[in-house]
Amino acid sequence: MKTKIINNIAVVNSNEIIIKDVQSAIDFIMNIKYETSCNKIALNKSAVAEDFFILSNGLAGEILQKFINYQTKFAIYGDYSKYTSKPLKDFIYESNNGKYIFFVENEDEAIKMLSK
């Protein structure tokens, strides 16, 4: 896992899955906050378990609620083109029109959204 700070945003890139359940998300939030003092985090999509993107299991909602509870803006950047689920596409659209959670294509977009 590599972390860099850009405009007070922790930009994390990992080849391993970091977020796989609620507890791993809490651990991730707290570790990043402790190590960087940032309350905005961008993470590459491949570091998030695929189960997260199956909305029917409720994992995404539970995990993203933790980011909101811990007052941490969060962006996941990567390729979402393989997903065909209308509920997931709607979820991504609604999130991107909010203020705390974003799903974007690349690191630059993540930084832009988190800087707002």
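Residues numbered from 1 in each chain as written. Predicted model: local features only at pLDDT ≥ 70, side-chain atom pairs only at ≥ 80, totals over all residues. Heavy atoms only, no water.

## Description of the overall build of the protein
Moving on, step 1. A tally of regular secondary structure across the protein gives 4 helices and 5 strands.
Moving on, step 2. For the protein, whose C-alpha radius of gyration is 13 Å, the value lies close to the compact-globule estimate of 13 Å for 116 residues.
Moving on, step 3. In terms of overall dimensions, the protein has C-alpha extents of about 35 × 30 × 25 Å along its principal axes.
Moving on, step 4. The 116 residues of the protein split such that 44% are buried.
Moving on, step 5. Sequence-distant contacts in the protein: of pairs separated by 6 or more residues, those separated by 24 or more amount to 75%.
Moving on, step 6. For the protein, the exposed surface amounts to about 6,600 Å²; the carbon and sulfur share of it is 49%.
Moving on, step 7. Of the charged side chains in the protein, 14 are positive and 14 negative, and the gap between their average positions amounts to 6 Å. (Helix = DSSP H or I, 4+ residues; strand = E, 2+ residues; numbered from the N terminus. Rg over C-alpha atoms; globule rule 2.2 N^0.38 Å. Buried < 20%, exposed > 50% of the residue type's maximum accessible area, 1.4 Å probe, protein only. Contact = heavy atoms within 4.5 Å. Areas by Shrake-Rupley, 256 points an atom, 1.4 Å probe, with all protein chains shown as cover. Lys, Arg positive; Asp, Glu negative; His and termini not counted. Charge placed at Lys NZ, Arg CZ, Asp CG, Glu CD.)

## Considerations on the packing of helix H1 (residues 22–36) against helix H2 (residues 59–69)
Moving on, step 1. The N-to-C vectors of H1 and H2 enclose an angle of 25°; their axes lie 9 Å apart at closest approach. Looking at the two axes, H1 sits roughly parallel to H2. Seen along the crossing, H1 lies across H2 with a hand that is right-handed. Packed against H1, whose contacting residues are Val 22, Ala 25, Ile 26, Phe 28 and Ile 29, the element H2 presents Leu 59, Glu 62, Ile 63, Lys 66 and Phe 67 at the interface.
Moving on, step 2. Residues that form the contact of H1 with H2 fall into these classes: 8 nonpolar, no polar and 2 charged. (Axes fitted to C-alpha atoms, helices over the stretch in contact; angles between N-to-C directions. Parallel < 35°, antiparallel > 145°, perpendicular 65-115°, else oblique. Left-handed = near helix turned anticlockwise from the far one by under 90°. Nonpolar A, V, L, I, M, F, W, Y, C, P; charged D, E, K, R; others polar.)

## Here's the deal with H1
The α-helix winds at 3.6 residues per turn, so residues separated by three or four positions along the chain end up facing the same way.
Moving on, step 1. Look at H1: 21 Å from first C-alpha to last across 15 residues, which is about the 21 Å you get at 1.5 Å a residue.
Moving on, step 2. Turning to H1, its buried residues are Val 22, Ser 24, Ala 25, Ile 26, Phe 28, Ile 29, Ile 32 and Thr 36.
Moving on, step 3. Lining the buried residues of H1 we find strand S1 (2–6), strand S2 (9–13), strand S3 (40–44), H2 and strand S4 (73–77).
Moving on, step 4. With a side-chain oxygen lying 3.4 Å from the backbone nitrogen of Gln 23, the N-terminal cap of H1 falls on Asp 21.
Moving on, step 5. Of the residues one or two after H1, Ser 37 is the one with positive phi, at around 65°. (Expected span 1.5 Å × (residues − 1). Polar contact = N/O pair within 3.5 Å; in protein donor to acceptor, adjacent residues only side chain to side chain.)

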